[in-house]
Amino acid sequence: MIRAVVTHSSADVDAVARAWVDVDLAAIVANARRVAEVSGARLLPMVKANAYGLGAVSVVRALEPLNPWGYGVATIEEGRELRSAGIGRPLVVFTPVLPGWIDALRRYDLTPLIGDLPALHAWLAAAPGHPFHIGIDTGMARAGFPHLDRAALDAVGELVRRSRAYAGVCTHFHSADTDPAATALQWERFQAAIAAIGPRPPLIHAANSAAALAGQRYAGDLVRPGIFLYGGAVGKHVPNPVAALRARVVAVRTVLPGESVSYGATWRPDKPVTIATLGIGYADGVLRSLSGRGVVELGGNRVPICGRVTMDMTLAAAPAGAAAGDVATVFGGVVTLDEQAASAGTIAYELLTAIGPRVHRRYH
């Protein structure tokens, strides 16, 4: 039996949305352009985790006029989604490749990051002409060939010397926004590892947002901006705001002194208060750690979150005149992304990537 497919226009979705995120694509492009201008290098924007929660396909299409070299993803599925959307530029999968992934990587024309000898042998045997990048661990202890493992680097050199597909080598800075000395040391280790391998590939890259915004010292051939593109501050560098997470007020009530609010009855007012129920909760990206700590924007005012954030709803003290149907902004307005992240005891990355799939993305 063939089932009818019902489609909805953006206007239809907007009319019934309880929660959504407004995404300023022009701001993403402006932030990317700034990184390119400061670093002087070509862009390899990181669009993993659905472009930090904001929609990878839409973000990539917005970035295309900047002529980036390619895009960075974390999984094969993320790469497949972009290929299905017609994106033809190189897509580097930054999770170290496992031999069992090789067929899928080849099927979707994805470039692997290789960080151990078994994976390198397997790739060269199965996909001898397909580009690959080598990862070097210079201090993250997360992935890549350890920079001090000279035997492994010598073996890599012997293997890549016979391959025309050795396209790039990279590392990852662990503290580019906070520790210049550590970043300089990692760069020195990276250069020594490249020299130990011997053949120099066409592309060398290491700089994340913080390192790219520091200038050309660590730019290499490509820079890999991430959080700065999406509106997260990087040290002293403040980007154009990108995302505003919003929700409808779905109920309003008066709570009297001593009455309890939300699960666990952890919050009680000492005077009558108007409580607005927002149609958004931790399943949508309002972290539970904001319970009794965060503030939201409602009616142009900063108002506190009261009691525990629940899965589908969040309660806030409402200003006078608040009514069902009003719109609250969790972050991206009076309350900034980085401020809300600090209130939650986390970083902007987590707030963005926590935005749930049932939150409608609206692009402007």
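Residue indices begin from 1 for each chain and proceed along its sequence in written order. The model is predicted, so local features are restricted to residues of pLDDT at least 70 and side-chain atom pairs to those at 80 or more, both for listing and for counting; the totals for chains, interfaces and linings are taken over all residues. Just so you know, side-chain values use all the structure's heavy atoms and leave hydrogens and water out.

Caption draft 1: Molecular detail of the overall build of the protein. Assigned secondary structure in the protein consists of 12 helices and 17 strands. Dimensions of the protein, computed from the C-alpha atoms along their principal axes, are close to 75 × 60 × 35 Å. Expressed as a percentage of its 364 residues, the buried residues of the protein come to 51%. Any two residues whose heavy atoms approach within 4.5 Å at even a single point are treated as in contact. Pairs at least 24 apart in sequence give 64% of the contacts found in the protein among residues at least 6 apart. Labels follow the DSSP assignment, with helices taken as runs of H or I lasting at least four residues and strands as runs of E lasting at least two, numbered in each case from the N terminus. A simple rule labels every residue: compare its accessible area, found with a 1.4 Å probe on the protein chains alone, to the largest value its type can have, and call it buried under 20%, exposed over 50%, or partly exposed in between.

Caption draft 2: Molecular detail of the confidence of the model for the protein. Mean pLDDT over the protein: 95, with 96% of residues reaching 70 or higher. Confidence of the predictor at the level of single residues is captured by pLDDT, which takes values from 0 to 100. Considering only residues more than four positions removed or in separate chains, one finds that residues 1–9, a stretch of pLDDT under 50, has 1 contact.

Caption draft 3: Summary view of the side chain of Ser291. Here Ser291 shows up in the loop between strand 12 (273–278) and strand 13 (295–298). Residues in contact with Ser291, not counting those within four places in the same chain, are Ile305, Gly307, Arg308 and Val309.

Caption draft 4: View of the packing of helix 8 (residues 150–161) against helix 9 (residues 180–197). Working convention: axes come from line fits to C-alpha atoms, limited for helices to the stretch in contact. Angles between N-to-C directions cover 0 to 180 degrees. Look at helix 8 against helix 9: their axes get within 7 Å of each other, and the N-to-C directions meet at 55°. Between helix 8 and helix 9, the interaxial angle falls into the category oblique. Mapping the contact onto sequence places Arg150, Leu153, Asp154, Val156, Gly157, Val160 and Arg161 in helix 8 and Ala193, Ala196 and Ile197 in helix 9. Class assignment for the residues of the contact of helix 8 with helix 9 results in 6 nonpolar, 1 polar and 3 charged. Between 65 and 115 degrees an angle is taken as roughly perpendicular, under 35 as roughly parallel, over 145 as roughly antiparallel, and anywhere else as oblique. All residues other than Ala, Val, Leu, Ile, Met, Phe, Trp, Tyr, Cys, Pro, Asp, Glu, Lys and Arg, Gly among them, are scored as polar; the first ten of these are nonpolar and the last four charged.

Caption draft 5: Spotlight on the pattern of salt bridges. By definition here, a salt bridge exists when the distance from a side-chain nitrogen of Lys or Arg to a carboxyl oxygen of Asp or Glu is within 4 Å. Overall, the coordinates contain 11 salt bridges when judged by the stated rule. Residue Arg150 pairs with Asp154 through a salt bridge whose shortest N-O separation is 3.0 Å. Residue Arg150 and its partner Asp154 are both found in helix 8; the two are separated by 4 residues, about one turn of the helix. Through salt bridges with shared partners, one network takes in Arg18, Asp284, Asp312 and Arg358.

Caption draft 6: Looking closely at the nonpolar core. Only buried Ala, Val, Leu, Ile, Met, Phe, Trp, Tyr and Cys residues count toward a nonpolar core, and they belong to the same one when joined by side-chain atoms within 4.5 Å. Phe132, Ile134, Tyr230 and Leu352 are the most contacted members of the largest nonpolar core, which totals 113 residues. Looking at this core, the element that brings in the most residues is helix 9, giving 7 residues. Discounting residues that sit within four places of it in the chain, Ile134 has contacts with Leu113, Ile114, Leu120, Phe145, Val156, Tyr166, Gly168, Val169, Cys170 and Ile197. Listed in part, the 7 residues of the second largest apolar core include Val261, Val273, Cys306 and Ala317.

Caption draft 7: Looking closely at the packing of helix 7 (residues 117–126) against helix 8. Taken N-terminus to C-terminus, the directions of helix 7 and helix 8 make an angle of 5°; their axes are 11 Å apart at the nearest point. Regarding the angle of helix 7 to helix 8, the classification is roughly parallel. Along the contact surface, helix 7 presents Leu117, Leu120, His121 and Leu124, while helix 8 presents Ala152, Ala155, Val156 and Leu159. Among the residues making up the contact of helix 7 with helix 8, the classes are represented as 7 nonpolar, 1 polar and no charged.

Caption draft 8: Main features of the packing of aromatic side chains. In summary, the pairing rule links any two rings of Phe, Tyr or Trp, Trp by its six-membered ring, whose centres are within 6.5 Å, and it sorts them by plane angle into stacked for under 30 degrees, edge-to-face for over 60 and tilted for everything else. The final tally for this structure, using the stated rule, is 7 aromatic pairs. For the ring pair Tyr52 and Tyr349, a centre distance of 6.0 Å and an interplane angle of 35° mean the geometry is tilted. Of the two residues, Tyr52 is situated in helix 3 (residues 48–52) and Tyr349 in helix 12 (residues 348–353); the sequence distance between them amounts to 297 residues. Note on Tyr52: relative accessible area 8%, which makes it buried. Taken together, Phe173, Trp187, Phe190 and Tyr218 form an aromatic cluster joined through their ring pairs.

Caption draft 9: Representation of the pairing of strand 15 (residues 314–317) in the model. Alternating residues of strand 15 divide into Thr314 and Ala316 and Leu315 and Ala317, and every residue in both groups is buried. In this sheet, strand 15 lies alongside strand 12 in antiparallel orientation, the contact comprising 4 bridges. Bridge pairing links Ile275 to Ala317 in strand 15. Any two strands with at least two DSSP-identified bridges between them are counted as paired.

Caption draft 10: Quick look at the environment of Ala193. Within the fold, Ala193 resides in helix 9. In this structure the C-alpha to C-alpha distance between Ala193 and Leu153, which are 40 residues apart in sequence, comes to 7.1 Å. Each residue touching Ala193, except ones within four places of it in the same chain, is listed here: Ile136 and Leu153.

Caption draft 11: Molecular detail of the environment of Ile355. Along the chain, Ile355 falls in the loop between helix 12 and strand 17 (360–363). With 245 residues separating them along the chain, Ile355 and Leu110 place their C-alpha atoms 27 Å apart. Every residue in contact with Ile355, bar those within four places of it in the chain, is listed here: Val21, Leu54, Asp284, Gly285, Phe331 and Arg361.

Caption draft 12: Fine view of the pairing of strand 1 (residues 19–23). Of all 5 residues in strand 1, 5 are buried; the element is thus mostly enclosed. Covered by surrounding structure in strand 1 are Ala19, Val21 and Val23 together with Trp20 and Asp22, the residues of both alternating faces. Alignment of strand 1 against strand 17, held across 4 bridges, turns out to be parallel. If you follow Asp22 over to strand 17, its bridge partner there is Arg362.

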